[in-house]
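# Descriptive structure summary
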Amino acid sequence: MNHISRADAAADGRSEIRKTTCYMCACRCGINVHIKGNKVHYIEGNRDHPINKGVLCAKGSAGIMQHYSPARLKKPLLRTGERGEGKFKEIEWNEALDLATEWLGEVRRTDPRKLAFFTGRDQSQSMTGWWAQAYGTPNYAAHGGFCSVNMAAAGIYTMGGAFWEFGAPDWEKTELFMIFGVAEDHDSNPIKMGLGKLKERGVKVIGVNPVRTGYNAIADEWLGIAPGTDGLLILALVHELLRAGKIDVDYLLRYTNAPWLVIDDPEGAGHGLFARSEDGTPLVASRDSGEIAASSTPGIKAALKGRFTLADGRSATPVFELLAGKYLDPDYAPAAVAERTGISAATIARIADEIAKAAFEREVIIDQPWTDMKGERHEQMIGRPVAFHAMRGISAHSNGFQTCRALHLLQILVGSIDCPGGFRFKPPYPRPVAGQPRPHGGACADTALAGPHLGYPRGPEDLLLEADGETAERIDKAFSWDAPLSAHGMMHMVISNAHARDPYGIDVLFMYMANMAWNSSMNSSSVMDMLTDKDENGDYVIPKIIYSDAYSSEMVAFADLILPDTTYLERHDCISLLDRPISEPEAMCDSIRWPVVEPERDVRGFQSVLLDLGARLKLPGMVDEQGTAIYKDYADYIVHHQRKPGVGPLSGWRGADGTKTGRGEPNPDQLQRYIDNGGFSQVHLPAEALYFKHANRAWSDWAIEHGLQEGPVENIFQLYLEPLRKFQLSAEGKAKPVPPEHHRERIRRCFDPLPCWYPPFADDGSEADGYPLHAITQRPAAMYHSWGSQNAWLRQIHGENALYVPGAVCDQQGLSDDDWALVSSPSGEIRVRIRRMEAVNGSTLWTWNAIGKRAGAWALDNDAPEATRGFLLNHLIDELLPPKGDGRRWANSDPITGQAAWFDLRVAIRRDPDQSGERSLPATAAQKSPVGPAPDTVAFSGGKKP
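Residues numbered from 1 in each chain as written. Predicted model: local features only at pLDDT ≥ 70, side-chain atom pairs only at ≥ 80, totals over all residues. Heavy atoms only, no water.

## What to know about the nonpolar core
Ranked by internal contacts, the top residues of the largest apolar core, which has 171 residues, are Leu104, Trp131, Leu509, Phe510, Leu531, Leu561 and Ile909. For this core, the element with the highest residue contribution is helix H3 (residues 93-110), accounting for 8 residues. Ignoring anything within four residues of it in the chain, the contact list for Leu509 reads Ala116, Val494, Ile495, Leu531, Ile542, Lys544, Ile545 and Ile546. Core analysis: the next-biggest nonpolar cluster, separate from the first, contains 102 residues, Ala153, Met159, Leu232 and Ala359 among them. (Core = buried A, V, L, I, M, F, W, Y, C linked by side-chain atoms within 4.5 Å. Buried < 20%, exposed > 50% of the residue type's maximum accessible area, 1.4 Å probe, protein only. Helix = DSSP H or I, 4+ residues; strand = E, 2+ residues; numbered from the N terminus. Contact = heavy atoms within 4.5 Å.)

## Description of the sheet that holds strand S2 (residues 30-36)
Remark on secondary structure: sheet strands pair via backbone hydrogen bonds, oriented parallel or antiparallel. Overall, antiparallel pairing links the 3 strands, which are arranged S1-S2-S3 in an open sheet. With partners counted over all chains shown, the strands left at the sheet margins are strand S1 (15-21) and strand S3 (39-45), one partner each. Averaged over all adjacent pairs, the angle separating strand axes in this sheet is 30°, with direction ignored. Across 7 bridges, the pairing between S1 and S2 is antiparallel. (Pairing = 2+ DSSP bridges. Axes fitted to C-alpha atoms, helices over the stretch in contact; angles between N-to-C directions.)

## Examining the pattern of salt bridges
As enumerated under the stated definition, the model contains 65 salt bridges in all. Here Glu866 and Arg795 are joined by a salt bridge, their closest N and O atoms 2.6 Å apart. Pair noted here: Glu866 is in helix H24 (residues 865-868) and Arg795 is in the loop between strand S29 (773-778) and strand S30 (803-806), with a separation of 71 residues, a long-range link. The buried category is assigned to Glu866, whose relative accessible area is 1%. With a shortest N-O distance of 2.9 Å, Asp811 and Arg836 are connected by a salt bridge. With Asp811 in helix H23 (residues 807-813) and Arg836 in strand S32 (residues 828-837), this pair connects stretches of sequence that are 25 residues apart. Judged by relative accessible area, which is 37%, Arg836 ranks as partly exposed. Among the ionic contacts, a cluster of salt bridges with common partners joins Lys204, Glu221, Arg350 and Glu354. (Salt bridge = Lys/Arg side-chain N within 4 Å of Asp/Glu carboxyl O.)

## Digging into unusual backbone geometry
Residue Pro428 is bonded to the preceding Pro427 through a cis peptide linkage, with omega at 15°. On the secondary structure map, Pro428 appears in the loop between strand S22 (423-425) and helix H15 (494-500). Cis geometry is found at the peptide bond from Tyr429 to Pro430, where omega equals 15°. Unlike most non-glycine residues, Lys477 shows phi in positive territory, near 65°. Its location among the elements puts Lys477 in the loop between S22 and H15. Although it is not a glycine, Lys618 adopts a positive phi angle of roughly 60°. Position of Lys618 among the secondary structure elements: in the loop between helix H17 (606-616) and helix H18 (634-640).

## Focus on the sheet that holds strand S26 (residues 573-575)
With antiparallel pairing, the 3 strands of this open sheet are ordered in space as S26-S27-S28. The sheet is open, and its two edges are formed by S26 and strand S28 (680-684), each paired on a single side. Looking at each pair of strands side by side, their axes are set apart by 10° on average, direction ignored. Sheet topology note: the strand S27 (residues 587-593)/S28 ladder contains 5 bridges and is antiparallel.

## Quick word on helix H16 (residues 524-532)
Quick reminder: α-helices carry 3.6 residues per turn. Residues three or four places apart thus point the same way. Along H16, the positions that sit buried rather than exposed are Ser524, Val527, Met528, Met530 and Leu531. For H16, the buried positions fall inside an angular range of 160° around the axis, keeping them on one side. Packed against the buried residues of H16 are H15, strand S23 (508-512) and strand S24 (544-549). (Arc of directions from axis to C-beta.)

## As for the pairing of S23
Where burial is concerned, most of S23 is hidden: 5 out of the 5 residues are buried. Side chains of S23 alternate between two faces, with Val508, Phe510 and Tyr512 and Leu509 and Met511 buried alike. Here strand S6 (residues 115-119) pairs with S23 via 5 bridges, running parallel. Looking across to S23, one finds that Phe118 is bridged to Met511. Note that S23 and S24 share 5 bridges and pair parallel. Pairing of Leu509 across the sheet is with Ile545, part of S24. Regarding the hand of the β-α-β motif, the stretch spanning S23, H16 and S24 is right-handed. (Right-handed = clockwise from strand over helix to strand, strands pointing away.)

## Thoughts on the state of the cysteines
Applying the stated rule across the entire model yields 0 disulfides. Cysteine Cys29 is unpaired, with the sulfur of Cys27 as its nearest cysteine sulfur at 3.8 Å. Left unpaired, Cys750 is separated from the closest cysteine sulfur, that of Cys756, by 6.8 Å. (Disulfide = S-S within 2.5 Å.)

## Details of the environment of Ala236
Within the secondary structure, Ala236 is located in helix H8 (residues 230-244). For the pair Ala236 and Ala352, spaced 116 residues apart in sequence, the C-alpha separation works out to 8.6 Å. Once you skip the residues sitting within four places of it in the chain, Ala236 turns out to touch Tyr332, Pro334, Val337 and Ile348.

## Describing the side chain of Arg746
By the element assignment, Arg746 lies in helix H22 (residues 741-750). For the buried Arg746, no salt bridge exists, and the shortest N-O distance to an oppositely charged side chain is 5.7 Å, to Glu745. If sequence neighbours within four positions are ignored, Arg746 has contacts with Phe751, Phe761, Trp890, Ala891 and Pro895. (Lys, Arg positive; Asp, Glu negative; His and termini not counted.)

## Some details on the pairing of S6
Taking burial as the measure, the 5 residues of S6 include 5 buried ones, the bulk of the element. Along S6, one buried face is formed by Leu115, Phe117 and Thr119 and the opposite face, lined by Ala116 and Phe118, is buried too. Sheet analysis places S6 next to strand S7 (residues 140-141), joined by 2 bridges and oriented parallel. By the bridge assignment, Phe117 is partnered in S7 with Tyr140.

## Focus: helix H12 (residues 345-361)
Along its 17 residues, H12 runs 23 Å from first to last C-alpha, staying within 8% of the 24 Å computed at 1.5 Å per residue. Buried-residue contacts for H12 involve strand S9 (176-180), strand S10 (204-208), strand S11 (221-223), H8, helix H11 (334-341) and strand S21 (386-390). (Expected span 1.5 Å × (residues − 1).)

## Comments concerning the packing of H8 against helix H14 (residues 400-413)
Between H8 and H14, whose axes approach to 8 Å, the crossing angle comes to 25°. In terms of orientation, H8 and H14 fall into the roughly parallel class. As for the relative orientation of H8 and H14, their crossing is left-handed in sense. Only Thr403, Ala406, Leu407, Leu409, Leu410 and Leu413 of H14 make contact with H8, whose side of the interface consists of Asp230, Gly231, Ile234, Leu235, Leu237, Val238 and Leu241. Looking at the contact of H8 with H14 residue by residue, the classes come out as 10 nonpolar, 2 polar and 1 charged. (Parallel < 35°, antiparallel > 145°, perpendicular 65-115°, else oblique. Left-handed = near helix turned anticlockwise from the far one by under 90°. Nonpolar A, V, L, I, M, F, W, Y, C, P; charged D, E, K, R; others polar.)

## Topic: the packing of H3 against H17
Two quantities define a packed helix pair, namely the angle between the helix axes and the distance between the axes. Close contact between H3 and H17 brings their axes to 10 Å; oriented N to C, the two are set at 55°. Comparing their axes, H17 and H3 come out oblique. The way H3 lies across H17 gives a crossing that is right-handed. Residues Trp93, Asn94, Leu97, Asp98, Ala100, Thr101 and Leu104 of H3 form the contact with H17, whose participating residues are Val609, Asp612, Leu613 and Arg616.

## Section: the packing of aromatic side chains
Per the counting criterion, the structure on display carries 32 aromatic pairs. For the pair Tyr551 and Trp858, a centre-to-centre distance of 6.3 Å together with 40° between the ring planes defines the contact as tilted. In this pair, Tyr551 is assigned in the loop between S24 and strand S25 (561-564) and Trp858 in the loop between strand S33 (844-848) and H24, connecting sequence segments 307 residues apart. Its relative accessible area of 7% is what places Tyr551 among the buried residues. Seen from their ring centres, Tyr804 and Trp846 are 4.6 Å apart, and the 20° between their planes marks the pair as stacked. With Tyr804 in strand S30 and Trp846 in strand S33, the pair connects residues that are 42 residues apart, well separated along the chain. Of the residues examined, Trp846 reaches a relative accessible area of 1% and is grouped as buried. (Phe/Tyr/Trp six-rings, centres within 6.5 Å; stacked < 30°, edge-to-face > 60°.)

## As for the side chain of Thr281
By secondary structure assignment, the location of Thr281 is in the loop between strand S12 (261-264) and strand S13 (283-285). Thr281 sits in the buried class, given a relative accessible area of 17%. Apart from the residues within four sequence positions on either side, Thr281 is in contact with Ala275, Arg276, Ala294, Ser295 and Ser296.

Set out below in structure tokens:
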């Protein structure tokens, strides 16, 4: 039984265990927090928790020092000095909330677009998005646009899910595992446990990453690929599998659009679109007779190749024939891509053969009957036991969307999606585009938006544009011609666009847990300048900045009003099925955080503050007809809010008596039931629903019953993505709306409906311009974003960072360990300490991310190693690409989704002639700490106050 252990009153000095959810990274592990004398005494993993099963990493164990950090904010703050100085005065909450209400109220009454509300790595985006929708601003998103939107969007558009929260490898049954671009901080404990299972069974692990650290260091084979060429490698593997005939044809026919007919009419407006019946159903051709029929026709045996004539006389070809023709081209042969990727042709051919052998010679069979969505009964579940996992390393490139799609294409071709031994969806996924919302805009004064901000466009008709068909409605230009499928928004562009007043200026920038003045911006130096820049009248170009955080980060210094948040051990949080749940492939799971200790400072949980502001602003859904607040705080919201009848933030213990799951009336005791159960809910899927969720009737019925779907959703994997072809037609002038001329060539080239590869935009001329090397970052296992820098335990692991340089580059430049080097890009130059490394791609420099800090931030001393010897690569990156002579500065991002292209950075390196200085550059002026300096020694023992 998973409950509070030794639940005695802790004030008498005896120990009590309170179970909640970790927040030292985004893994969302279960933890046991030992309380003694009303103080946190010790944190360990919860062995009953579905995510980590008791395993806890260094970050999780060090949560004590995060909770008791000297950098914690203590009270609301009002700026008294210039922005960036860090000078504030403490004010009371009523004054702070009155001021925020005044600023926000004036904007809502006049032009809600003038509020830009963006949140960072919080885990309550369903709630913050709901608030922004009620407010009426179109300008809302979270961190995904500069993290991994390419991974998520490519997966949703292709198959209704992706990696991490969307799904996981079948660790127990896979026979071959490949990881692409995975660092050690994401989903770390489940991956470590999974890798342990693979090692125990002797399953081969192949790591594809420019850098060999962590998971790649323990892989059986490491491919040190050149950054930005993963898609080329993947499509070379596809080439080999097609050439050898090692694909699952039956899987393609049953579950994908491989047989759908594509119109071949080069001069017509339908060229490249699917041929459809009058009711919109895609058409296929009979393999035997060539007769054209609806793809939904029972028992049809569709052709995968051939050329067919439609009823209107136009020609059409199955998707698979187009696909095979594209990837069997010699340009995708291993020998053609070897030099560019850095992986030999022999290695590529061998790995393709290993994938084929694992998939087709070691198939997994489970004797479990199931019925598909067409009503056909299957006596067994047959799996192709090859599993893949990928993260930001392949996503954060200007070709990342198509690269992520290519990886999903590879999985689908061998039939390894949601089958025994392959990739498995986690509830509530799969959720294909047909079950996803479209984006909403159209702001009006004192009016809520008609629907959610973020969504999945089906074509140019869903873009958020002004009446001229060109100007973006959103400040970040998401869902515009700049980035049509920007499903997570483009947080990294908000400040630069607002500063340029392009497409318009804003009045209030409202941010939560988003360190945009430092490591969460592409160029920290220029963003700090933008935040402090004034117009000709002496007023700040961005007039008002409201910021909420628990700690004195770099961003705090640039805000006008600070609303201090609690630590994760002092507040309620909801890791919801409406947002980013903790489900596993075999179970629907969600979880909470709750105040295992009460704050000793005058701080409030941000979500509760947001609800308070919503009530003060009389936002719909937050006040009743009399204008009285509906929710007293976030805990009350978690229990009583319903997104639709019977479906709320939490799935467990619903209904008046707590006996319902997924759907049911609010239960006043719901939070206590979660607390009694260790902070989480877990409901296992029936055996017949465990696999093939994309086509499994038992899964569909179960998902509807538990509130994950409102009705059956057709999920046919989209090898050929028609929405991309619609954008190409617009760019070709054959369909409306038509993009501005300067966007057309890029749309025609990059929006290929079949996954393609093109060189990252930053590679264009980089070597000729004197920037021959790649530079990337990795997240260290012991740090997560910038939070770890105030943690006295974790700082002992990573107090500073070096730039790791390939041996050949060191020899060429005369560099030795601990030398100081100058690293330059088209955007600037930094001075860093280097270390020689051989286990890295020969043209790639790299460092740990977010170790370097601004002096005075996080209550660190001005001479702290993070501020003197630590550094960021961000100073070398720009939101825009270098000028190319066409009079425009193109965004440094994926042209399809707007994903920030962090890992496209090209640089040059040379030894600093002056080796005397002992600090990295640039050295940003110190900010004053509003919480004062930290003590010389931060220690904690037993139940004593640190």
